[in-house]
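Analysis of the macromolecular model
Read off the chains here:
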Amino acid sequence: MGYMHKIFLSGKGIYGCSNCETHLSKRENVTSRQYTGQFGRAVLFGNVVNVLFGEEEKRSMTTGIHIVQDISCMGCKKYVGWAYVKAFSPEQRFKEGQFILERELIHDVTRDWDY
């Protein structure tokens, strides 16, 4: 597979891994803050960087059955959330191609956190 280079995001409102501060996304990529993950509140993002993808799996969630992939930080390999691959319910299809990051596992590396 080769060496994967980290992407460093610029500006304010950069969300990073709470373990190693690897940049994961920007505030402008937030789609919704109204989600719940395995560790409490979670944020839905339209785009993330510096993540590794796990195997696809079918998972039953509060909004129905989805095919998802767990995502881990590229820097430290810690779990940070999941990616929506497929939603079986038509009203949930907007999630396809989007990402959940668990608030407990991320923080604002630019120190201007705004929920």
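In the block above lies the structure referred to throughout.
Residues numbered from 1 in each chain as written. Predicted model: local features only at pLDDT ≥ 70, side-chain atom pairs only at ≥ 80, totals over all residues. Heavy atoms only, no water.

For the coordinates displayed, the defined rule picks out four aromatic pairs. Consider the rings of Phe39 and Tyr79, whose centres lie 6.3 Å apart with planes at 45 degrees: the pair is tilted. Of the two residues, Phe39 sits in the loop between β3 (30-37) and β4 (40-45) while Tyr79 sits in strand β7 (residues 79-87), which places them 40 residues apart along the sequence. You can call Phe39 partly exposed: its relative accessible area is 45%. (Phe/Tyr/Trp six-rings, centres within 6.5 Å; stacked < 30°, edge-to-face > 60°. Helix = DSSP H or I, 4+ residues; strand = E, 2+ residues; numbered from the N terminus. Buried < 20%, exposed > 50% of the residue type's maximum accessible area, 1.4 Å probe, protein only.)

In terms of nonpolar packing, the biggest core is built from 15 residues, with Leu24, Phe45, Val48, Ile71, Val80 and Leu101 touching the most fellow members. When contributions to this core are tallied by element, the ones reaching two or more residues are β1 (14-17), β4, β6 (64-73), β7 and β8 (99-102). Excluding anything up to four places from it in sequence, Leu24 contacts Leu9, Tyr15, Gly16, Cys17, Asn47, Val48, Val49, Asn50, Val51, Val80, Leu101 and Ile106. One finds Ala42, Leu44, Met61 and Trp82 within the second-largest nonpolar core, a separate group that totals eight residues. (Core = buried A, V, L, I, M, F, W, Y, C linked by side-chain atoms within 4.5 Å. Contact = heavy atoms within 4.5 Å.)

Turning to the side chain of His66, a few remarks are in order. Here His66 lies in strand β6. What makes His66 buried here is its relative accessible area of 0%. Of note is the side chain of His66, whose polar atom sits 3.0 Å from the side chain of Thr63. Here His66 is in contact with Glu57, Lys58, Arg59, Met61, Tyr84, Lys86, Ala87, Phe88, Gln92 and Lys95, once residues within four sequence places are set aside. (Polar contact = N/O pair within 3.5 Å; in protein donor to acceptor, adjacent residues only side chain to side chain.)

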